[in-house]
Amino acid sequence: MRARDLLRSRPEGLYCPPGDFFIDPIKPVDRALITHGHSDHARSGHGSVLATQQTLDIMGLRYGTPFAGTTQAAAFGETFDLNGVRVTFHPAGHVLGSAQIAVERGGLRIVASGDYKRQPDPTCVAFELVPCDVFITEATFGLPVFRHPPDREEIGRVLRSATQFPERSHVIGAYALGKAQRVIRLLRDCGYDRPIYIHGALETLSAYYRSQGVELGRLEPATVDRSTKDDFAGAIVIGPPAAFADRWSRRFPDPISCFASGWMRIRQRARQGGVELPLIISDHADWDELTDTIKETGASEVWVTHGREEALVRWCELAGIAARPLHLVGYEDEGD
Ligand SMILES: [Zn+2]
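Residues numbered from 1 in each chain as written. Predicted model: local features only at pLDDT ≥ 70, side-chain atom pairs only at ≥ 80, totals over all residues. Heavy atoms only, no water.

**Student:** Report on the sheet that holds strand β17 (residues 277-279), specifying residues and quantitative values.
**Tutor:** A sheet is described by the order of its strands in space; here 6 strands give the open sequence β14-β13-β15-β12-β16-β17, paired in parallel fashion. In this open sheet, the two edge strands, each paired with only one partner strand, are β14 (219-221) and β17. Sheet twist, expressed as the mean angle between neighbouring strand axes with direction ignored, is 25°. Summarising the sheet, strand β12 (residues 170-173) and strand β15 (residues 236-239) pair through 4 bridges and their orientation is parallel. When the bridges of β15 are listed, Ile172 appears paired with Ile238. Relative to β15, helix α4 (residues 179-189) is tilted by about 160°, and along the sheet it contacts β12, β13 (196-198), β14, β15 and β16 (256-260). (Pairing = 2+ DSSP bridges. Helix = DSSP H or I, 4+ residues; strand = E, 2+ residues; numbered from the N terminus. Axes fitted to C-alpha atoms, helices over the stretch in contact; angles between N-to-C directions. Contact = heavy atoms within 4.5 Å.)

**Student:** Go over the layout of surface pockets with me, naming the residues and quoting the values.
**Tutor:** Computed from the structure, the largest pocket encloses a volume of approximately 410 Å³. Considering the residues around the largest pocket, the lining is formed by 19 residues, among which Phe244, Ser257, Gly273, Gly274 and Val275 are closest to the centre. It is helix α6 (residues 241-245) that contributes the most residues to the lining of the largest pocket, 3 residues altogether. Its residues assigned to classes, the lining of the largest pocket comprises 9 nonpolar, 5 polar and 5 charged. (1 Å grid on protein atoms, 1.4 Å probe; cavity = no way out; pocket = protein on both sides within 12 Å on 5 of 7 lines; lining within 4 Å. Points joined across faces, edges and corners; volume = space filled by probe spheres on them. Nonpolar A, V, L, I, M, F, W, Y, C, P; charged D, E, K, R; others polar.)

**Student:** Would you mind going over the side chain of Glu289 in detail, with residue names and values included?
**Tutor:** Along the chain, Glu289 falls in helix α8 (residues 287-297). One buried charged residue, Glu289, forms no salt bridge at all, with the nearest opposite charge on Arg118 at 6.1 Å. Among the polar contacts made by the side chain of Glu289, one reaches the main-chain amide nitrogen of Arg118 at a distance of 2.6 Å. Among all residues touching Glu289, those that are not within four sequence positions of it are Lys117, Arg118, Gln119, His148 and His284. (Buried < 20%, exposed > 50% of the residue type's maximum accessible area, 1.4 Å probe, protein only. Lys, Arg positive; Asp, Glu negative; His and termini not counted. Salt bridge = Lys/Arg side-chain N within 4 Å of Asp/Glu carboxyl O. Polar contact = N/O pair within 3.5 Å; in protein donor to acceptor, adjacent residues only side chain to side chain.)

**Student:** Quick one: what's the story with the packing of helix α2 (residues 53-63) against helix α5 (residues 203-211), residue by residue and with numbers?
**Tutor:** With their axes 10 Å apart at the nearest point, α2 and α5 run at an angle of 155° to one another. Judged by the inter-axis angle, α2 sits roughly antiparallel to α5. Of the two possible hands of crossing, α2 and α5 adopt the one that is right-handed. Facing Gln53, Gln54, Asp57, Ile58, Leu61 and Arg62 of α2, the residues of α5 in contact are Thr204, Leu205 and Tyr208. (Parallel < 35°, antiparallel > 145°, perpendicular 65-115°, else oblique. Left-handed = near helix turned anticlockwise from the far one by under 90°.)

**Student:** Which residues make up the packing of α8 against helix α9 (residues 309-318), and what values do they have?
**Tutor:** The interhelical angle for the contact between α8 and α9, taken along N-to-C directions, is 40°, at an axis separation of 11 Å. One finds that α8 runs oblique with respect to α9. Classified by chirality, the crossing of α9 by α8 is right-handed. Contacts between α8 and α9 involve Trp287, Leu290, Thr291, Ile294 and Lys295 on the former and, on the latter, Ala311, Leu312, Trp315 and Cys316. Of the residues that constitute the contact of α8 with α9, the class distribution is 7 nonpolar, 1 polar and 1 charged.

Printed below as a string of structure tokens:
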């Protein structure tokens, strides 16, 4: 069986003709398999959704229920037969519940990895390497300039700054699903035991992470009025990117604006966003993780999607691996 007969791109997303299902479709379809809960991958309105229980829970929290006609939970490693196509979910290490989806028929295995990373992350199950014939990889940070430093080093910079400027608040921008909880957990792992103040937009998902056994320590609402402004002197506050855009962070005393994203590698981008303390913490694979993972899967063919496809396609060609960009529209990951 040829790979493009097993999976191909359609305007709605990645489609499996024999199985008659889509992976992470951007438009409502009859049958969707969903890799993870970020909003560009997990949309509401499908006839049926197959995803991990945590991804289903996260979709329910974000969209309300019912968000699909029917839902079915996939455990990691469990095999499903969809019209003669074998489907299995494997951990992707991206955010809580995130999965790669392996699709097999007639001795051919394609792995759609969704978004993934290899750096250890205490808030989700680690990436599992799945040997395959065709590997579909993201390329969000698919340029050699993108190399993510160890996340604890980045968190250490916040903690040193907090010690150096005890009267100032540190306001960290982080995506609501995954990044925020990872930053909180990293602060705890680095010994920070004071309350951490969170924007209201982070409350539901942070409570869900806790319910799944991710310890986050004491969290307090970051609610400021004139009488309490001084209470935030020296505090660490976390809010979603949108809150930064509306200048929410300026409510806090003499705030030092921090932002946690792989894009913070680009100084100009940090400066344009008014970020004083950029933190290079990403939930996506960096260049080395992308190229190492491609090699380790043993795939003879690679399809590259959402991001900087050209550089990674070129790297594959130089490494003797057939590669092509998979032109899927509509992905602009909310969790970089
Ligand atoms: Zn994502």
